[in-house]
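Below are the chains, spelled out letter by letter.
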Amino acid sequence: MVLNTDCAIVCCSNGMKLSEQEKIIKLKKRLEDMFGRVITDNYIYSRENTVSSASAEVRAARLTSLFDSGVAYIFDISGGDISNEILPFLDYDTIKNSESVFCGYSDLTTVINAIYSKTGRASILFQARNIAGSCGDIQQKRLFDYVHRKNNELFDIKYQMLNGDGMSGIVVGGNIRCFLKLAGTEYFPNLCGKILLLEAFGGD
């Protein structure tokens, strides 16, 4: 079950709490079972008296360096409020020329859409921590099958068409609160002809 490739774990939004260290170790082990080598960034845990693991410039530089390193997948395991801080400091030329695929969800909606807006490259709206959670076995299998091009069950969601019988095209959006942080900026994608996906786990 080992791939001849690498992946990386980063936190571009709020840093993880030290109390979650055991969960992250479990996640890394599961990723190692799938990918072999897993690079864990030095800035994962939040610093004392702040929610961030490092300055915006440092977090952006670390993410850019991972795109430049050639890892197959970059899994951002964070969430929260501050990922949009890094957008002005990312090297979009490096990201555009990379084969690495960025994966994150929730607050990482800002990074995913900025990458698309500035480079035209796709990312994956997915929280890798799910493979170490309560439904970890099935989530790990779905991720493994996707990486091995066996199927796309990772992206199968239950839905009901309210009008028409299907749609296809480029999907933009993500978490509605975080997506709206990009409104009025150069990082907000052109919605013309796109499929807009909006999700929110809470109502506030």
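The structure we're discussing is the one just above.
Within every chain, residues take consecutive numbers counted from 1 along the sequence as written. The model is predicted, so local features are restricted to residues of pLDDT at least 70 and side-chain atom pairs to those at 80 or more, both for listing and for counting; the totals for chains, interfaces and linings are taken over all residues. By convention in this description, side-chain values take in all heavy atoms of the structure and omit both hydrogens and water.

Colleague: What am I meant to see in the sheet that holds strand E2 (residues 36–40) here?
Modeller: Strand pairing in a sheet takes place through backbone hydrogen bonds and is either antiparallel or parallel in direction. Criterion used throughout: strands pair if DSSP finds at least two bridges between them. By definition, any uninterrupted DSSP run of H or I lasting at least four residues is a helix, any uninterrupted run of E lasting at least two residues is a strand, and each is numbered from the N terminus. In space, the five strands of this open sheet follow the order E2-E1-E3-E4-E5, with parallel pairing throughout. With one partner strand each, in any of the chains shown, E2 and strand E5 (124–125) form the two edges of the open sheet. Sheet topology note: the strand E3 (residues 73–76)/strand E4 (residues 101–104) ladder contains three bridges and is parallel. Within E4, the residue paired with Ile74 across the bridge is Phe102. The contact criterion used throughout is that any non-hydrogen atoms of two residues lie within 4.5 Å. Axis angles are defined between N-to-C directions and span 0 to 180 degrees, where every axis is a line fitted to C-alpha atoms and, for a helix, only to the segment in contact. Here helix H1 (residues 21–35) sits on the sheet in contact with strand E1 (5–10), E2 and E3, set at roughly 140° to E2.

Colleague: Honestly, the layout of surface pockets in this entry has me stumped. Any pointers?
Modeller: Remark: the empty space left among the atoms is shown by a probe the size of a water molecule rolled over them. Residues are said to line a cavity or pocket when one of their atoms sits within 4 Å of a point; the points come from a 1 Å grid over protein atoms alone, cavities being sets where a 1.4 Å probe fits but cannot get out and pockets being open sets with protein on both sides within 12 Å along at least five of seven lines. Grid points are joined across faces, edges and corners, and a volume is the space filled by probe spheres set on the points. Space inside the largest pocket adds up to approximately 1,800 Å³. Secondary structure elements with two or more residues in the lining of the largest pocket: helix H4 (109–119), E5, helix H5 (136–147), strand E6 (171–175), helix H6 (176–179) and strand E7 (195–199). Roughly 200 Å³ of internal volume is contained in the second largest pocket. Lining of the second largest pocket is provided by 13 residues; of these, Asn14, Gly15, Met16, Glu20 and Gly79 occupy positions nearest its centre.

Colleague: Sorry if this is basic, but what is going on with the pattern of salt bridges here?
Modeller: Salt bridges are identified by distance alone: a Lys or Arg side-chain nitrogen within 4 Å of an Asp or Glu carboxyl oxygen. In this structure the tally under the stated criterion is nine salt bridges. The partner of Lys181 in a salt bridge is Asp107, and the shortest N-O contact between them spans 2.6 Å. Of this pair, Lys181 sits in the loop between H6 and E7 while Asp107 sits in the loop between E4 and H4, and the two are 74 residues apart along the sequence.

Colleague: Would you mind showing me how to read empty space enclosed by the protein here?
Modeller: The final tally for this structure, using the stated rule, is one cavity of 30 Å³ or more. Approximately 30 Å³ is the volume found for the largest cavity. Every residue lining the largest cavity is listed: Val10, Cys11, Cys12, Asp41, Tyr43, Arg59, Arg62 and Leu63. Counting residues per element, the lining of the largest cavity draws most heavily on helix H2 (residues 56–69), at three residues. Taken together, the residues of the lining of the largest cavity break down into five nonpolar, no polar and three charged. In this classification, Asp, Glu, Lys and Arg are treated as charged, Ala, Val, Leu, Ile, Met, Phe, Trp, Tyr, Cys and Pro as nonpolar, and every other residue, Gly included, as polar.

Colleague: Looking at this model, I keep getting lost on the environment of Thr5. Mind explaining?
Modeller: Counting through the fold element by element, Thr5 comes out in strand E1. Sequence separation between Thr5 and Gly120 is 115 residues, and the spatial gap between their C-alpha atoms is 24 Å. Discounting residues that sit within four places of it in the chain, Thr5 has contacts with Phe35, Arg37 and Ala72.

Colleague: In this structure, what is going on with the packing of aromatic side chains? I would like to understand it.
Modeller: Each aromatic ring pair is described using two quantities: the centre-to-centre distance and the angle formed by the ring planes. Ring geometry is summarised as follows: Phe, Tyr and Trp rings, the Trp one being its six-membered ring, pair when their centres sit within 6.5 Å, and such pairs are stacked at plane angles under 30 degrees, edge-to-face over 60 and tilted between the two. Counted under the stated rule, the structure contains six aromatic pairs. For the ring pair Tyr92 and Tyr187, a centre distance of 6.3 Å and an interplane angle of 35° mean the geometry is tilted. With a gap of 95 residues between them, Tyr92 in helix H3 (residues 92–96) and Tyr187 in the loop between H6 and E7 connect regions that are remote in the sequence. As far as burial versus exposure is concerned, Tyr92 and Tyr187 are alike and both buried. Taking the centre distance of 4.8 Å and the plane angle of 35° together, the rings of Phe179 and Phe188 count as tilted. Burial status follows relative accessibility: with a 1.4 Å probe on protein chains alone, a residue under 20% of its type maximum counts as buried, one over 50% as exposed, and anything between as partly exposed. The class for Phe179 is buried, based on a relative accessible area of 3%.

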